[in-house]
Amino acid sequence: MPFPRWFSALLAVAGAQPSYYDAGVSACVVGGGFDHFPFCNVSLPLDARVHDLVSRIPVEAKANLLTARGHLKNRGRQALPELGVPSYYWGSNCLHSAMSANCTAAGRCSTSFPSGPSWSATFDRELMRSMAGVVGRETRAFFNMGNFTDNGKNGMGLDCWGPVLNINRDPRWGRHGEGGTEDPFLMGQLGLAWTKGLQEGEDKRFIQVAVTLKHFDANSLEGGAEADQGYDRHDFSATISKYLLADYYWPAFKAPIREGKAKGVMCSYNAVNGIPTCLDPLMKAARTAWNFTGYVTSDSDAVSDAWRRHRYVQTPAEASCLAVKNGQCDIDSGNTYYDNLLQGVQEGHCSMQDVDRALFNTLRVRFELGLFDPTADQPYWKLGAGDIGTDNAKELNLEAAQASLVLLSNPGILPLKGGQRLALLGPHAAASMDLIQVDTGRVCPGDTGDDENFWCVKTPYAAIQSLNAAKNGSTVYVKGCNLSEAIPGGLQQAISAAKASEVVVLGLGISERPEISDNFLEREAHDRDSIDLPNVQKQLAAEIIGLGKPTIVFLLNGGMVAVEEFLNKNNVAVIEAFYPGMEGATALAQSIFGLANKWGRMPYTVYRSDWPNHNSMIDHDVTHQRTYRYGADAVVPFGFGLSLSRFSLSFTPTLNADLRPVVLSSTVTSNVTFTVVARNLGSLMGDAVVMAYFHPKQVALPLHPQKSLFDFARAKNIAAGSEAHVNFTISQNSFLLATAEGDLVRAPGDYLLTFEDGAGEILSLQLQIQGPQVVVEPFPGRSLNAETLMV
């Protein structure tokens, strides 16, 4: 089978020879000797082509093809040379970058965007989708360049395992740096933007990259902390009612599947209500109800957990078959299928038809990626090194970082004047590695012998020093302490530097890397016990703030850290930076000096530091005063965020003249559009964020959110004294509520609509929904009378 000339040349440079065992290669190349097969006939319907290929696969090869990352575990075991089908690598991670382990020969590295919470904090669908588009395009480019770009460590496939859509129900969860928000609607919109950005590129015939939404579902306990009560993600079963599945846990996945046509889902290690998710017929039924047509992979070898850890079945053969048959887990990211699936068929736990269905689901995605069509006219195959780390991607990265920083308090300190004596203090003041969320591709070029290569990442100290020096100011840096340990003499050095300065900038926070003690470490497989800052940082902050100098605190973290000791002080401004990515330091410096005025809003509630003392980590019932939707006691509420400008919100004059309650029928679908005017009353150009909420006031349902986001928008670059118009269109389906049985209904009653900017501006409207209660979406598998069902 001949390969494209450019691909052969690349492999030659890498010292490799093209073969069927190399990923990054197309099947069905014209003239290759295999294009006579019906599965290569592009005039046939897609499903017919896939069925033809499945029918030709030898039985002994089937389990191989359903094994993720098998390409590297056992060289070439996923290739079918007799059919001209090259090997394929399932399992490229894409969380905020294309995770190639190498940069190009010219020193171009994958674009490392801010972390998941940062994406949510932007409240900007367009920006989220654009970032995902860059990740998808760069993933295609790395794929085309061949696996040698990865040193054989992880492989490069076109199924991006990401984004993480697990909801932020508990701030101690170790993977908040990958996730995003506590709000199910916002998380669903993030997932939708990710899906469309990754999958929809310039060639509408094919998908650019196949998104893989993870981890479905209720995966928000890792283990490793006392708070986990002896459980970890491999053996924990979350108890979740039908109401909470419909109201809180499923919406994040439903939007990208139903509206975005997501092509992949990852089932999680944990069980829900006693059933491992990869074997759960209910999870399969939910995806089916949302018109899912893609593939499902296990999280690593979660299929093995079903019998080893959950003890749900007795043997790996039974686990393999129930995963394929009951859970529609098509790909096993482990060796359980490879070693046991065909034995399970022989024992009667499932049929070869079940196995073939899984093959069909996986191969169909590869066909949709254009991997079985002629490549000459496919623009995706022309992407290469020049499409990685482009200037446009860097500009987008900077905008994302600027729009994700959240200004929590500002008693007139910001914007900072340049040309002053500044002291940069704290363990994150000169951070580089900790600006980057840990699940990243190679960030800096050059072989240092260490995957943790961050020499090219600008630090906050360097970025602030540069802007201050431009105004003839001086800037000193003293670390003061490590993240969780004192430095001999460090505190006194920091105090001395602060006393000699006019303004102090304190860089504090936590980390996903083991440079911090266990109680504060957040990472995969490790939850936190504390949501506070380490004592050594609190001591440093107290001493510095106590000097009375104007102090700017910025925080690096994925999950929240307590800030009650910093807020409401007349000499302290606080900035939540999350893990802001490659351009994070530049964005931070520009925002501090007022050169950027974009700012985000909090994607989750910030609780008091003692919150863990009163809330169980294993409690998945968010109606127990968790999150803003159910009355959480907040130090900083969801959606809060300030700007260096003040914005007023108003309705258009026509609407202001008639603020009678909006009345909608529960039985007839109709749309109503409101226009909110955001006016910049400040002296700096800036962005306004408007969030739309509904508040059920009098409805017949006994359990419902107190307040729930149903839309949002960002108006960009509003000049001082100017205004922007933001449109919101509502219908009866904007306000669906869940019943105890998990049905989503139009519930008649009284509602309040509010439109808020997160900084104190609030517009409100009364809403009435009149008529009978109507079921719009029945709980999966539940049948209802036709008169109660809204089609």
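Residues numbered from 1 in each chain as written. Predicted model: local features only at pLDDT ≥ 70, side-chain atom pairs only at ≥ 80, totals over all residues. Heavy atoms only, no water.

Student: I keep staring at the side chain of Ser-92 and nothing clicks. Help me out?
Tutor: Within the secondary structure, Ser-92 sits in strand E1 (residues 92-93). Accessibility expressed as a relative area gives 5% for Ser-92, which makes it buried. A polar contact is formed between the side chain of Ser-92 and the backbone nitrogen of Gly-157, at a distance of 2.5 Å. (Helix = DSSP H or I, 4+ residues; strand = E, 2+ residues; numbered from the N terminus. Buried < 20%, exposed > 50% of the residue type's maximum accessible area, 1.4 Å probe, protein only. Polar contact = N/O pair within 3.5 Å; in protein donor to acceptor, adjacent residues only side chain to side chain.)

Student: Sorry, what's going on with the state of the cysteines here?
Tutor: Disulfides are covalent bonds that connect the sulfur atoms of two cysteines. Taken as a whole, this structure holds six disulfides when the rule is applied. Note on cysteine connectivity: Cys-444 is disulfide-linked to Cys-456, with sulfurs 2.0 Å apart. Disulfide Cys-444 to Cys-456: torsion about the S-S bond roughly -90°, handedness left-handed. Placement of Cys-444 in the loop between strand E10 (421-425) and helix H16 (460-469) and of Cys-456 in the loop between E10 and H16 is noted, with a sequence separation of 12 residues between them. We classify Cys-444 as buried; its relative accessible area is 0%. What makes Cys-456 partly exposed here is its relative accessible area of 25%. (Disulfide = S-S within 2.5 Å.)

Student: Hey, could you run me through the packing of aromatic side chains in this one?
Tutor: Two measures describe an aromatic ring pair: the distance that separates the ring centres and the angle between the ring planes. As enumerated under the stated definition, the model contains 30 aromatic pairs in all. Centroid distance Phe-578 to Tyr-604: 6.0 Å. Interplanar angle 90°. Geometry classified as edge-to-face. Of this pair, Phe-578 sits in the loop between strand E14 (572-576) and helix H19 (584-592) while Tyr-604 sits in the loop between H19 and strand E15 (647-651), and the two are 26 residues apart along the sequence. Residue Phe-578 shares its accessibility class with Tyr-604, and that shared class is buried. Clustering of aromatic rings is evident, with ring pairs tying together Phe-123, Phe-185, Tyr-628, Phe-638, Tyr-693 and Phe-712. (Phe/Tyr/Trp six-rings, centres within 6.5 Å; stacked < 30°, edge-to-face > 60°.)

Student: How do you make sense of the side chain of Thr-627 when you look at a structure like this?
Tutor: Following the sequence through the fold, Thr-627 ends up in the loop between H19 and E15. The residues touching Thr-627, leaving out its near neighbours within four places in the chain, are Asn-168, Glu-182, Tyr-248, Thr-605, Tyr-607, Val-622 and Ala-632. (Contact = heavy atoms within 4.5 Å.)

Student: Would you explain the sheet that holds E14 in this entry?
Tutor: Judged by pairing direction, the sheet is mixed, and its six strands sit side by side in the order E9-E14-E13-E12-E10-E11 without closing on themselves. Among the strands making up the open sheet, the edge pair consists of strand E9 (406-409) and strand E11 (474-478). Recorded for the sheet is a direction-independent mean angle of 20° between the axes of neighbouring strands. In the sheet, strand E12 (residues 503-509) pairs with strand E13 (residues 551-556) via six bridges, with the strands oriented parallel. From the neighbouring strand, Leu-506 faces E13, where its bridge partner is Val-553. (Pairing = 2+ DSSP bridges. Axes fitted to C-alpha atoms, helices over the stretch in contact; angles between N-to-C directions.)

Student: How should I be thinking about the packing of helix H7 (residues 184-199) against helix H9 (residues 251-258) in this particular structure?
Tutor: Each pair of packed helices can be summarised by the angle the axes make with each other and by the distance between the axes. Close contact between H7 and H9 brings their axes to 7 Å; oriented N to C, the two are set at 30°. Where H7 crosses over H9, the handedness of that crossing is right-handed. Facing Pro-184, Met-187, Gly-188, Gln-189, Gly-191, Leu-192 and Thr-195 of H7, the residues of H9 in contact are Pro-251, Ala-252, Ala-255 and Pro-256. (Left-handed = near helix turned anticlockwise from the far one by under 90°.)

Student: Sorry if this is basic, but what is going on with the nonpolar core here?
Tutor: Nonpolar side chains tend to gather and get buried jointly when the protein is soluble and globular. Ranked by size, the top nonpolar core spans 126 residues in total, and within it Phe-39, Tyr-249, Phe-372 and Leu-709 carry the most contacts. The contacts of Leu-709, once residues within four sequence positions are left out, are Phe-123, Asp-183, Phe-185, Leu-186, Tyr-628, Phe-638, Met-691, Ala-692 and Tyr-693. In this structure, Ala-121, Ile-531, Met-560 and Ala-577 belong to the second largest nonpolar core, which totals 81 residues. (Core = buried A, V, L, I, M, F, W, Y, C linked by side-chain atoms within 4.5 Å.)

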